[in-house]
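Observations on chain architecture
What follows is each chain in one-letter form.
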Protein chains: 2
Amino acid sequence: MGGQNRFLFSEMVWGMKMESFSKRLKSAVARTRGCLCVGLDVDLRKMPKDVPADGPGALRFCRAIIEATRPYAAAYKANLAFFESLGAHGFEILELLRQSIPYDTLFIADAKRGDIGNTSEAYAKALYGILKSDSVTLSPYMGKDSVGPFLKYPGTCSFVLCLTSNPSAEDFQLQALASGEKLYQKVAKTAPGWAKDQAGEVGLVVGATKADYVKDLRALAPDTAFLVPGVGAQGGDLQAVLQAGRARDGAGILVNVSRSILYASSEHDYAEAARIEAQRLVEEMKPFFS
Amino acid sequence: MGGQNRFLFSEMVWGMKMESFSKRLKSAVARTRGCLCVGLDVDLRKMPKDVPADGPGALRFCRAIIEATRPYAAAYKANLAFFESLGAHGFEILELLRQSIPYDTLFIADAKRGDIGNTSEAYAKALYGILKSDSVTLSPYMGKDSVGPFLKYPGTCSFVLCLTSNPSAEDFQLQALASGEKLYQKVAKTAPGWAKDQAGEVGLVVGATKADYVKDLRALAPDTAFLVPGVGAQGGDLQAVLQAGRARDGAGILVNVSRSILYASSEHDYAEAARIEAQRLVEEMKPFFS
């Protein structure tokens, strides 16, 4: 990105920050007529032909994916694990990647953080203050005061893990409580309330591999933004999720797809193949957002 | 640290890696006759006089604390949030800090990570593979498969959050399950079993502000290593914790103290004041490890 673009970028972002995350999400859904979040979950072992399997290669790869998919993407999600696994240069590359995200598209730092108050404050500074993410993912295990420091940032949405798409979600999330409800339901009923009187919003991470549960969770949290991973490689059913998962405003949902877009082709045409897959997904979404 | 020291350091660390974390912990407890973990939770707003409130200042500060407290410290714990809040240079500073830890002292990366398998693999690579931590902290919310990738590293111990020391621990951790036990008890009974047939060990994070619970948890997990935060600034009672918390081998516990050591003085004598506070704490511990 050239100097002029970067100036424009920051101007726009700071202008947009005055709007709530929900409003920006609604605009992004209207713009794309979809709710696609492209997960930039880079795996160096899967890089396409002739793209170096290192940090600069990953940045080039992600930028090409962004450029190709931006008409279809309401949001991009970067998984911090990948950047941390690059060592000392990881955060720098992440910052450059963040600057490549178009201003009208949301940027989610998938970090799954959560710690005691003063520590969460430092994580919030890193992810919202420095990286200028629009959104992060957090773990609920330590409760309200571990999420609070993230909610000081206006225009943001902190997605709290509720029901995840991995098989071991059942170890604790699906445990029945003495009250009759399950732990993930308790999280869904509790966490959105943490945003009351705060500058930022709270959303929920709701795995798509459990499409039956999406409807149930939407009933418990009718206006809360859902981030739904697990469609595609992890096996979730897109149409069932959209049928059940939209919020009362007709938006309020982001469906994350990573591998089937990123690795649609391992040849030189990987960006074009990613574009075709993103377009196909959004075509499938359109009936739900018209 | 000079070149020769660094060579020695890596030689020793790789030699020591052949030993299990538990054995190394037992040696460190025998060496110090205490179980003190010094938490390097740097807060730039609290830096002593004349120490610059930036990354290099923080590194200098931590190194002086390590130098002063090393006869008393069985372990050091670095909270990743602080280093991330420094932006792009944070990880580099963390790596330099890690290299300053004496070879016979354990190094814990307090990260509270946890994600689906391929993502946890990347986090494990960052924290064990690159940073060469002896131990990390993890969140249990996503279950066994989110912890598994960390257990591939021999000589390590992954401490899973069980009962934390913050007030909002009660939001979910203290919820009663239909089975009668509480969520944190379920975690204590489940997580140590994840280490079966793995190269690395699983420990538990058990907040000291709930000293009554420590005994209960030790009964549930008699041989599991406990990392106990919350003594000092957070109000836990050291003697009660040690009475209740040692493992069957007489060690198996690390009590983390951060603020009361790090900020024992805000003047030029901060390192000496830290040494005195660390020594005082270990004197209090000695009767339990003789």
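No experiment lies behind these values; they were computed from the predicted model shown. (Residues numbered from 1 in each chain as written. Chains lettered and ligands numbered in written order. Predicted model: local features only at pLDDT ≥ 70, side-chain atom pairs only at ≥ 80, totals over all residues. Heavy atoms only, no water.)

**Observations concerning the interface of chain A and chain B**
Defined as follows: Two residues qualify as a contact provided that any one of their heavy atoms is within 4.5 Å of a heavy atom in the partner residue. Joining two parts hides part of their accessible area as seen by a 1.4 Å probe, and the buried area is that hidden amount summed over both. For salt bridges, the criterion is a side-chain nitrogen of Lys or Arg within 4 Å of an Asp or Glu carboxyl oxygen. Side-chain atoms alone can form a polar contact between residues adjacent in sequence; in general such a contact is a pair of N or O atoms within 3.5 Å, and within protein one must be able to donate a hydrogen while the other accepts it. Helical segments are the DSSP runs of H or I of at least four residues, strand segments are the runs of E of at least two, and each set is numbered from the N terminus. When residue character is reported, Ala, Val, Leu, Ile, Met, Phe, Trp, Tyr, Cys and Pro are called nonpolar, Asp, Glu, Lys and Arg charged, and the others, Gly included, polar.
Of the residues lining the interface, 58 residues belong to chain A; the matching set on chain B comes to 58 residues. Taken together, both faces of the contact between chain A and chain B bury some 4700 Å²; the carbon and sulfur share is 58%. The tally of links from chain A across to chain B stands at 6 salt bridges. At the surface where chain A touches chain B, the tally comes to 27 residue pairs in polar contact (both at pLDDT 80 or more). Contributing elements (two or more residues each) for the side of chain A that touches chain B: α4 (80-84), α5 (90-99), β3 (106-113), α6 (117-130), α7 (144-147), β5 (157-163), α8 (169-172) and α9 (183-190) of chain A. The element contributing the most residues to the side of chain A that touches chain B is α6(A), with 8 residues. For the side of chain A that touches chain B, the class distribution of residues is 27 nonpolar, 16 polar and 15 charged.

**Comments concerning the confidence of the model for chain A**
Worth spelling out the cut-off: Every residue is assigned a pLDDT by the predictor, reflecting its confidence on a scale from 0 to 100.
Of all residues in chain A, 92% attain a pLDDT of 70 or more, and the chain-wide mean is 92. Predicted confidence is poor over residues 1-8 of chain A, with pLDDT under 50, and the contacts of this stretch with residues over four places away or in other chains come to 5 contacts.

**Digging into the pattern of salt bridges**
Stated precisely, the cut-off is as follows: Any residue under 20% of the maximum accessible area for its type is buried, any over 50% is exposed, and the rest in between are partly exposed; the area is computed with a 1.4 Å probe on protein chains only.
All told, the structure shown has 38 salt bridges over all chains when counted by the stated rule. Across the pair Glu121(B) and Arg45(A) runs a salt bridge whose closest N-O atoms are separated by 3.2 Å. Taken together, the residues Glu121(B) in helix α6 (residues 117-130) and Arg45(A) in the loop between β1 (36-40) and α3 (55-69) connect one chain to another. For Glu121(B), a relative accessible area of 37% translates into the label partly exposed. When its relative accessible area of 64% is taken as the criterion, Arg45(A) is described as exposed. Here Glu277(A) makes a salt bridge to Arg280(A), at a shortest N to O gap of 3.0 Å. Taken as a pair, Glu277(A) and Arg280(A) lie in helix α13 (residues 270-285) at a separation of 3 residues, close to a single helical turn. Here Glu277(A) falls in the buried class, since its relative accessible area comes to 15%. Under the relative-accessibility criterion, Arg280(A) is labelled partly exposed at 43%. Connected via shared salt-bridge partners are Asp41(A), Lys77(A), Asp110(A), Lys112(A) and Asp115(B).

**Let's talk about the pairing of strand β8 (residues 253-257) of chain A**
All names here are of chain A. Rule in force here: For two strands to pair, DSSP has to find at least two bridges joining them.
Along β8, 5 of the 5 residues are buried, which leaves the element largely enclosed by surrounding structure. Both β1 and β8 contribute to a ladder of 3 bridges, which runs parallel. The partner of Val38 across the bridge, within β8, is Val257.

**Observations regarding the packing of aromatic side chains**
As a reminder of what qualifies: Note on ring pairs: Phe, Tyr and Trp rings are taken, using the six-membered ring of Trp, and paired if centres are within 6.5 Å. Classes follow the plane angle, with under 30 degrees stacked, over 60 edge-to-face and the rest tilted. Any Lys NZ or Arg CZ that is within 6 Å of a ring centre and within 35 degrees of that ring's normal is treated as a charge sitting over the ring.
Under the criterion given, the structure shown has 16 aromatic pairs over all chains. Taking 5.0 Å as the distance between ring centres and 75° as the angle between the ring planes, the aromatic pair formed by Phe82(B) and Phe83(B) counts as edge-to-face. The pair formed by Phe82(B) and Phe83(B) is uniform in burial state, with each residue classed as buried. The residue whose ring lies beneath Arg218(A) is Phe226(A), and the NZ or CZ to ring-centre distance is 3.7 Å.

**A word on the relation of the copies chain A and chain B**
Heads up, the rule is: All copies are superposed by least squares; the fitting set is the C-alpha atoms of residues with a pLDDT of at least 70 in both.
Once chain A has been moved 0.0 Å along the axis and rotated by 180°, it coincides with chain B to within an RMSD of 0.0 Å. Taken together, these values place the two copies in the relation of a two-fold axis. Of the interface residues in chain A, 100% have counterparts in chain B that sit at the interface too, so the contact is made through matching surfaces.

**Observations concerning helix α2 (residues 21-32) of chain A**
Residue and element names in this part refer to chain A. Convention followed: Helix span is expected to be 1.5 Å times the residue number reduced by one. Here the arc refers to the set of directions running from the helix axis out to each C-beta atom.
Given a rise of 1.5 Å per residue, 12 residues ought to cover 16 Å, and the 16 Å separating the end C-alpha atoms of α2 matches this to within 8%. Considered for burial, the residues of α2 that qualify are Phe21, Arg24, Leu25, Ala28, Val29 and Thr32. Seen from one end, α2 has its buried residues packed into an arc of 140°, which puts them on one side. Turned more than 90 degrees from where α2 packs its buried face, Lys23 and Ala30 sit exposed. Arg33, located one to two residues past α2, shows a positive phi value of around 50°.

**A closer look at the sheet that holds β5(A)**
All names here are of chain A. Rules: All axes here are fitted lines through C-alpha atoms, helices being fitted over the stretch that makes contact, and every angle between N-to-C directions spans 0 to 180 degrees.
If you trace the 8 strands once around the closed barrel, you get β1-β2-β3-β4-β5-β6-β7-β8, paired in parallel fashion. Across this sheet, the average inter-strand angle for adjacent strands is 30°, counted without regard to direction. Relative to strand β7 (residues 226-228), strand β6 (residues 201-206) runs parallel, the two sharing 2 bridges. Bridging from a neighbouring strand, Val205 pairs with Leu227 of β7. Here α2 sits on the sheet in contact with β3, β4 (135-138), β5, β6 and β8, set at roughly 65° to β8. Each of β5 and β6 touches α9; the most contacted strand, β5, lies at about 160° to it.

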